[in-house]
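# Chain and residue survey
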Amino acid sequence: MNVSPDWGLEIVVNEVERSAWTENLRAPFEPFADLFYSQNGPIVIRSVEFVGLTTAEDVYFTGKDLLLRLNASMETIAGLQPAMIGAVVDFRGPHPKRTNIIEAKGIESKPFFGRATITQVDLQGRRIEAPASASPAQEQMQASLFDPAIGAAIKFLSGEPSWAEIYKAIEALDKTGLASSAISENKKSLMRRTANSEERHWKKDLGFTPMQLAEARVLMKRWLRMAVKELIKERSTSAQKPPHRPPVL
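Report on the accompanying structure. Given the structure is predicted, the values throughout are model-derived calculations rather than measurements.

So, how was this worked out
Each chain has its residues counted from 1, running along the sequence as written. Where totals are concerned, whole chains, interfaces and linings use all residues; where local detail is concerned, this predicted model gives features only for residues with pLDDT of at least 70, and gives and counts side-chain atom pairs only at 80 or more. Water and hydrogen atoms were dropped before computing side-chain values, which therefore reflect all heavy atoms in the structure. Think of it in three bands: with a 1.4 Å probe and only protein chains considered, a residue is buried below 20% of the maximum accessible area for its type, exposed above 50%, and partly exposed in between. We count a stretch as a helix when DSSP gives it H or I for four or more residues in a row; a strand needs E for two or more, and each element gets its number in order from the N terminus. DSSP-based pairing: two strands are paired if at least 2 bridges between them are found. Whether two aromatic rings pair depends on their centres lying within 6.5 Å, for rings of Phe, Tyr and Trp, where Trp uses its six-membered ring; planes under 30 degrees apart make the pair stacked, over 60 edge-to-face, and the rest tilted. Should the NZ of a Lys or the CZ of an Arg lie within 6 Å of a ring centre and within 35 degrees of the ring normal, that charge is described as sitting over the ring. Salt bridge criterion: a side-chain nitrogen from Lys or Arg within 4 Å of a carboxyl oxygen from Asp or Glu.

### Let's talk about the pairing of strand 1 (residues 7–12)
By the criterion of burial, strand 1 is predominantly enclosed, with five of the six residues buried. With six bridges joining them, strand 1 and strand 4 (residues 84–90) adopt antiparallel strand pairing. In the strand pairing of strand 4, glycine 8 is matched with valine 89. Alignment of strand 1 against strand 3 (residues 43–46), held across three bridges, turns out to be antiparallel. If you follow glutamate 10 over to strand 3, its bridge partner there is valine 44.

Listed below in structure tokens is the structure:
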């Protein structure tokens, strides 16, 4: 199994149900509990979904989506109470490092996500100061300047997008060619077909099981986040390269 050696997601579970959680998260199946790390501490989930991620914030949002699905499965199959995210665990370097992320909530009734506040601590609980960085909103604005298709996708996916907006966002992100593996081709095909059936055709397509709009919103917003990160990283890397100078003859 190609599991990322870099990241883990610490989860908080009902202590009475702890053994049931670890029993249902057995290696080498996906996802699984890292029992070596979790033996005397919190449960830490390892997953192929963390492969290729580069920041604790990316792992948090990917893990949040993973945990939504995992909680639903655990409740349905084993009757367990939902788990919550405790921290992101960074296994890079000589010692694991925990990162706590708190999402800011808006006061409006519609969904709103502000800047995530990141606090890093070492294993002794000492605070690790993170270098200054652009906020996610600033990164999105910068990416939209680099590629207008990103700007279009940002607008289509704001708030609670409809199926018509989901379809337009798919077309926009496909055009960028960024983070193409963020969603499987099967999922993209199902989203397109569902959108066509729900919004674009005069007659519903009854020959398949449509995707739920809530799932499509989660998948598309994850694709957008990954595309923005990839584009910012590409531009940052190219900016660090020395300028090309013709040889002196």
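### Notes on the packing of aromatic side chains
Throughout the structure, instances matching the rule amount to one aromatic pair. Summarising the aromatic geometry, the rings of tyrosine 60 and phenylalanine 61 are spaced 5.1 Å apart at their centres and angled 80° between planes, so their arrangement reads as edge-to-face. The same class applies to tyrosine 60 as to phenylalanine 61, namely buried. In this arrangement the basic side chain of arginine 46 is found over the ring face of phenylalanine 91, its NZ or CZ atom lying 4.2 Å from the centre. Directly above the aromatic system of phenylalanine 146 lies the positively charged group of arginine 235, at a separation of 4.4 Å from the ring centroid.

### Some remarks on the pattern of salt bridges
Scanning the model with the defined rule gives ten salt bridges in all. The salt bridge partner of glutamate 10 is arginine 98, with a shortest N-O separation of 2.8 Å. With glutamate 10 in strand 1 and arginine 98 in strand 5 (residues 97–102), this residue pair connects regions lying 88 residues apart in the sequence. Between glutamate 215 and lysine 187 there is a salt bridge, and its shortest N-O distance comes to 2.6 Å. Pair noted here: glutamate 215 is in helix 8 (residues 213–240) and lysine 187 is in helix 7 (residues 185–200), with a separation of 28 residues, a long-range link. Overall, lysine 187 belongs to the partly exposed group, its relative accessible area being 31%. One salt-bridge network, held together by shared partners, links Asp174, Glu185, Lys188 and Arg192.

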